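Architecture and fold: a report
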Amino acid sequence: MEEQQKILIVDDDVDIREVLSIQLTNEGYLVFQAANGREAIETVERNRDIDLVVLDVMMPGISGVEACNEIRKLSSVPILFLTAKSKESDKEEAYENGGDDYLVKPFSKAELMRKVRSLLRRYVVYKGKQENTDDSTTQVFDILVDRKAHKLLRDDQALNITGTEYQIFMYLLENRGRAQSAKEIYERVWGEKFLPSSAGTIMVHILNLRRKLELDPNNPVIIRTVWGRGYQIDEG
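Cut-offs and rules
Residues numbered from 1 in each chain as written. Predicted model: local features only at pLDDT ≥ 70, side-chain atom pairs only at ≥ 80, totals over all residues. Heavy atoms only, no water. Pairing = 2+ DSSP bridges. Helix = DSSP H or I, 4+ residues; strand = E, 2+ residues; numbered from the N terminus. Contact = heavy atoms within 4.5 Å. Axes fitted to C-alpha atoms, helices over the stretch in contact; angles between N-to-C directions. Expected span 1.5 Å × (residues − 1). Buried < 20%, exposed > 50% of the residue type's maximum accessible area, 1.4 Å probe, protein only. Polar contact = N/O pair within 3.5 Å; in protein donor to acceptor, adjacent residues only side chain to side chain. Salt bridge = Lys/Arg side-chain N within 4 Å of Asp/Glu carboxyl O. Core = buried A, V, L, I, M, F, W, Y, C linked by side-chain atoms within 4.5 Å.

As a further point, take the sheet that holds strand β9 (residues 157–158). Strand order in the open sheet formed by four strands is β6-β7-β8-β9, and the pairing between neighbours is antiparallel. The two strands at the open ends of the sheet, each matched to only one other strand, are β6 (137–140) and β9. Bridging between strand β8 (residues 151–154) and β9 involves two bridges; their strand directions are antiparallel. Bridged to arginine 154 within β9 is glutamine 157. Where helix α6 (residues 163–174) meets the sheet, its contacts fall on β6, β7 (143–146) and β8, and the angle it forms with β7 comes to roughly 100°.

Below, the structure written as structure tokens:
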């Protein structure tokens, strides 16, 4: 029997938690609930096999962004932010602080389930992917890629990247020496149809990767922009 996938819902509004819990339970997921950021961190700490966190941004005490930062120290679990804010700057803040995707309230059940299924599908692939090579490590400039552990390291220290960031990096590495457009990256990593707004999502994730990988993010050498074509990791 296939094991149920586990989802943690974090919101200070009990009605929202209950509605989401019912919707996700009816879809076959095992649901945990947390009323605030502190409870969310403690729940992930106790249950390291949680597959997805649905996290409200605006909460009293520890905000969703702060909770996300702490959860990232414990797990690479995908995090879906829920928020009433819809500005691009709010979306960028979510991604910059370790979020994988973003859903603006109010949203439909169909929108929620599309995001949930996409994130879970990517996470299952990320956790269980078997590399078709005997070489479990690859050197990219001064970055060591550990395929078995799904980690990027510098000077034997693992870099704090999210699962989504790792998948983007690996897609670029698979196509090393060839520029990949935002559309190609999005449709490969997210597994969804590319929309004009998706370009911003890719841009923010690339910027975050550069902040973490590049010695000088303003003059990137690991992930280069090829103007008019996309992003590229050069042949080394």
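Now that the structure has been shown, we can carry on.
What follows covers helix α1 (residues 14–26). Given a rise of 1.5 Å per residue, 13 residues ought to cover 18 Å, and the 18 Å separating the end C-alpha atoms of α1 matches this to within 8%. Burial in α1 covers these residues: Arg17, Leu20, Ser21, Gln23 and Leu24. Where α1 begins, the capping side chain belongs to aspartate 13, and its oxygen is found 2.9 Å from the backbone nitrogen of aspartate 15.

So, on to the side chain of histidine 205. Within the secondary structure layout, histidine 205 lies in helix α8 (residues 198–213). Apart from residues lying up to four places away in sequence, histidine 205 is in contact with Tyr95, Gly99, Asp100, Thr164, Glu165, Ile168 and Trp190.

This model, assessed by the stated rule, comprises 14 salt bridges. Among the salt bridges present, the one from glutamate 27 reaches arginine 117, with a minimum N-O distance of 2.9 Å. With glutamate 27 in the loop between α1 and β2 (30–34) and arginine 117 in helix α5 (residues 109–128), this residue pair connects regions lying 90 residues apart in the sequence. Residue arginine 117 is classed as partly exposed on the basis of its relative accessible area of 40%. Between glutamate 192 and arginine 114 there is a salt bridge whose closest N-O contact spans 3.1 Å. Linking glutamate 192 in the loop between α7 (182–189) and α8 with arginine 114 in helix α5, this pair joins segments that are 78 residues apart in sequence. For arginine 114, a relative accessible area of 43% translates into the label partly exposed. Each member of the salt-bridge network shares a partner with another, and the members are Asp11, Asp56 and Lys105.

For the rest of this paragraph, the subject is the nonpolar core. Looking at soluble globular proteins, one finds that nonpolar side chains tend to be buried together. Counting residues in each nonpolar core, the largest one holds 26 residues, and the members touching the most others are Phe169 and Ile223. For this core, the secondary structure elements donating two or more residues are β7, α6, α7 and α8. Looking at this core, the element that brings in the most residues is α6, giving seven residues. When near neighbours in sequence (up to four residues on either side) are disregarded, isoleucine 223 contacts Phe169, Leu172, Ile206, Leu209, Arg210, Leu213, Glu214, Tyr231, Gln232 and Ile233. Formed by 23 residues, the second largest nonpolar core is a distinct cluster that contains Leu8, Ala34, Met59 and Ala67.

Here we have five strands laid out as an open sheet, ordered β2-β1-β3-β4-β5, and parallel in their pairing. Edge positions in the open sheet fall to β2 and β5 (101–104), since each of these has one partner strand only. Adjacent strand axes in the sheet meet at a mean angle of 20°, parallel and antiparallel pairs treated alike. Alignment of strand β4 (residues 79–83) against β5, held across four bridges, turns out to be parallel. Within β5, the position partnered with phenylalanine 81 by the bridge is tyrosine 102. Contacts from helix α2 (residues 37–46) reach β1 (6–10), β2 and β3 (52–56) within the one sheet, and its direction differs from that of β2 by about 140°. Sheet strands touched by helix α3 (residues 64–72): β3 and β4. Its angle to β4, the strand with the most contacts, is close to 175°.

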